[in-house]
Amino acid sequence: MQQSNQPQQSIPVTFIPSSEEPSAHKEPSAYKEPSAHKEPSAHKKPSANGGPSAPKKPSSKTESKSGGKIQFRSQPGLFQRWRSATGTGLIALFFLLPFISWHGRQAIWFDLSNQQFYFFGTSLWPQDFTLLAWVFIAAAFGLFFVTLFWGRVWCGFLCPQTQWTFMFAWVEEKFEGSRNQRIKLDKAPWSREKLSKRLGKHSSWLLMSLLTGCGFIAYFVPARELYPAIFSFSGGFWDTAWVWFFAICTYLNAGWMREQMCLHCCPYARFQSAMFDEFTKTVTYDAARGESRGPRKRKAATDLGDCVDCNLCVEVCPTGIDIRNGLQYECINCGACVDACNQTMANFGYKPDLIAFTSELGLKGATPPLWQRKRFIGYGLALVAILATMGLDMASRSSIELNVLRDRQSLYRETTGGQIENTYLLKIRNKTQQPKEYQLSVTGALTLAMSKTEVSIAPGEQVELPLTLTAMSADIQRSRTKLTVTVSELVSESGTDGETEAVSQDSVFFAP
């Protein structure tokens, strides 16, 4: 190449990578002249002393956009197979869980009308909010713990936003073609072909969104009743309204907003850097090996780095960033650029993992064991403490709920037989999913007669039981006597031996 004496001119480049998508029969070794949409800013320019200067890092965020919309290329590879497998499994689990039955009832069901949450054989009530809070705390801290070691692996492989985005993008590709074809279609004037493709795509998106809305509401309304009611237009007003609300949200989110949720709405992207350290594995570009980047012919001798500046890592990125510019909060660690770069490295006969899941120290070959990391020990102990606390809370959870209320109209009544009566209202709830029989007992300084000693309660039901306690006047020594009301589970003769569950509450017996 001839070097120009004009400082404002850059060196003309003979070969640059093609922006066309490589097929199974075409290796990305043929190159075209620079196109209008690609800026050769990564190519080397001569320095003042005639030698090559450091390459300028291109700002490639706009290179994958079409009218403000990011059009990313589908990319096969190891990490994309993992992502597809985990995404398919999680989406299938999301839709199928509401159809699992447990003892004649939906296994996972938020019964809002009765303020009850069924999780297989466990029933949770509003009074069990602390247990749910511990579950959410443990899940959040577990996410932070994983982030410390593997970065945003949640965003790339498990997040519903990512899975639905790739699913909608897959449908879009089936109707409108590859990335370059979609960009060309966006710029093309409206025609019958363009209209038919857009109608097919958006109709499929709406159907997928409606199914997603049904799948979400099926956790609150019995799924076997919801789906037929929605698709036969016979559902109730509120059920239908909520299904369509979430359907529209899904359509706008996964179909239109997509990466905007990751870039501007998701708080996880903003505070993730506070959990990173030099050991955290993220999608990383090995600049020492790749620079200075530049195009070249396959198997040609060159003093350039291994990066051939093919721009595939930008074209496959769902958030439209250039990972070669360093760690960026927009990166969701989906691994698409890793697969794309490894494909190019294989075609050029270079070592893989120019872009890889590695850490800052991993690039230097310094990877100490996990147990030697202070954060691992600290986060690990904290997570164990949270899980232990949650376990103790679950173990101490009672399946019986008791509330003792005194009669507010009169403190006591005197009978003709020289007895003193106190009246109470017992609210007893059976928090299990089986019918139970309970025994009532009262302990205290007085010998008290009870109007009722046993009660039967249906699963998940609460009964309000009036209870009258009677004591002889001669036995009463003071006007206020403390007592304890206990409700314990009755075990039949055929039942298992062992301690029965019981719950108690203190109250007061009044006398003249």
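Notes on the structure in this doc start here. This one's a predicted model, so the numbers in the text were calculated from it and none came from an experiment.

Bringing the sheet that holds strand β9 (residues 122–124) into the picture now. Pairing is antiparallel across the open sheet formed by 3 strands, whose spatial order is β7-β8-β9. For this open sheet the edge positions go to β7 (108–111) and β9, each flanked by a neighbour on one side alone. Each strand axis lies, on average, 15° off the axis of its neighbour in the sheet, ignoring direction. Two strands pair when backbone bridges link them, and strand β8 (residues 116–119) and β9 are joined in this way by 3 bridges, in the antiparallel orientation. Counterpart to Phe119 in the pairing with β9 is Thr122.

Ranked by size, the top nonpolar core spans 33 residues in total, and within it Val283, Cys313, Ile323, Cys337, Val338, Leu354 and Ile355 carry the most contacts. Going through the elements one at a time, α3 (153–157), α4 (160–176), β10 (282–285), α12 (312–315) and α13 (336–348) are the ones with two or more residues in this core. Tallying contributions element by element places α13 first for this core, with 7 residues. Excluding anything up to four places from it in sequence, Leu354 contacts Thr284, Tyr285, Asp286, Arg289, Gly290, Asp306, Cys307, Cys341, Asn342 and Met345. One finds Leu440, Leu446, Ile457 and Ala511 within the second-largest nonpolar core, a separate group that totals 24 residues.

It is worth spelling out the packing of aromatic side chains at this point. In total, this model carries 29 aromatic pairs according to the counting rule given. Relative to Phe120, the ring of Trp102 has its centre 5.5 Å away and its plane inclined at 85°; by these criteria the two rings are edge-to-face. With Trp102 in strand β5 (residues 101–102) and Phe120 in the loop between β8 and β9, this residue pair connects regions lying 18 residues apart in the sequence. Using a relative accessible area of 34% as the deciding quantity, one classes Trp102 as partly exposed. Take Phe120: its relative accessible area is 24%, and that puts it in the partly exposed class.

Thresholds applied
Residues numbered from 1 in each chain as written. Predicted model: local features only at pLDDT ≥ 70, side-chain atom pairs only at ≥ 80, totals over all residues. Heavy atoms only, no water. Pairing = 2+ DSSP bridges. Helix = DSSP H or I, 4+ residues; strand = E, 2+ residues; numbered from the N terminus. Axes fitted to C-alpha atoms, helices over the stretch in contact; angles between N-to-C directions. Core = buried A, V, L, I, M, F, W, Y, C linked by side-chain atoms within 4.5 Å. Buried < 20%, exposed > 50% of the residue type's maximum accessible area, 1.4 Å probe, protein only. Contact = heavy atoms within 4.5 Å. Phe/Tyr/Trp six-rings, centres within 6.5 Å; stacked < 30°, edge-to-face > 60°.

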